[in-house]
Amino acid sequence: MRPLYLTVARTLTQIFMRDRQAIFFSLFFPIIFMSVFGFVDSRQPEPFNIGLVNEAPGELSANFRETLDQNPLFLVEEGTEEALRESLIAGDTTLVIVIPPEFQQTDSNVQLRVLVDAAQVQMLGLIMPVLDQTLLSIERQL
């Protein structure tokens, strides 16, 4: 005599195999669903426009600019604070980084100012970790 659980499993499998809708929605539909939504957004993300005000021309700030340029997530535009602030207000730039003159001194802590439009605040969560990583890589080089 067969155990009861094998009989129940066999019976439920036969019931399942007779129901074509159940087979479609439990086996094939999830595969189709994942395939369609997997290919919907397969393009590269658009880069963020970042303004850079360099008040400390020198090797360290040039290295910072070069590291930002190498990141495919950013399009860096250098200019004056007034011009980049207007670009920020117009919505052409996501944020503006102001490098102070003290940035050339490697033995002191320097704070970079980051100007952000109030409408773009949610983008900071995406951009700031990348900027932190860029500054850490420069610090390691020093």
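Residues numbered from 1 in each chain as written. Predicted model: local features only at pLDDT ≥ 70, side-chain atom pairs only at ≥ 80, totals over all residues. Heavy atoms only, no water.

Engineer: Tell me about the overall build of the protein chain, and please be specific about residues and values.
Structural biologist: For the protein chain, the helix and strand inventory stands at 5 helices and 4 strands. From first element to last, N terminus to C terminus, the protein chain shows the α and β order α-α-β-α-β-α-β-β-α. Radius of gyration (C-alpha) of the protein chain: 28 Å, far over the 14 Å computed for a compact globule of 142 residues. Principal axes of the C-alpha set define a box for the protein chain whose edges measure 90 × 35 × 25 Å. Taken over 142 residues, the protein chain has a buried fraction of 23%. Summarising the internal contacts of the protein chain: among those between residues at least 6 apart in sequence, 69% fall at separations of at least 24. Accessible surface for the protein chain amounts to roughly 10400 Å². Of this, 59% is attributable to carbon and sulfur atoms. When the 9 positive and 18 negative side-chain charges of the protein chain are each reduced to one mean point, those points stand 30 Å apart. (Helix = DSSP H or I, 4+ residues; strand = E, 2+ residues; numbered from the N terminus. Rg over C-alpha atoms; globule rule 2.2 N^0.38 Å. Buried < 20%, exposed > 50% of the residue type's maximum accessible area, 1.4 Å probe, protein only. Contact = heavy atoms within 4.5 Å. Areas by Shrake-Rupley, 256 points an atom, 1.4 Å probe, with all protein chains shown as cover. Lys, Arg positive; Asp, Glu negative; His and termini not counted. Charge placed at Lys NZ, Arg CZ, Asp CG, Glu CD.)

Engineer: Can you break down the sheet that holds strand β3 (residues 95-99) residue by residue, with the values?
Structural biologist: Read from one edge of the open sheet, 4 strands run β2-β1-β3-β4, paired in mixed fashion. With one partner strand each, in any of the chains shown, β2 (74-78) and β4 (113-116) form the two edges of the open sheet. Pairs of neighbouring strands in the sheet enclose a mean axial angle of 25°, with direction left out of account. Pairing between strand β1 (residues 48-54) and β3: 5 bridges, direction parallel. Bridge assignment links Val53 to a residue of β3, and that residue is Val98. Its contacts with the sheet put helix α3 (residues 59-70) on β1, β2 and β3, and the angle it makes with β2 is roughly 145°. (Pairing = 2+ DSSP bridges. Axes fitted to C-alpha atoms, helices over the stretch in contact; angles between N-to-C directions.)

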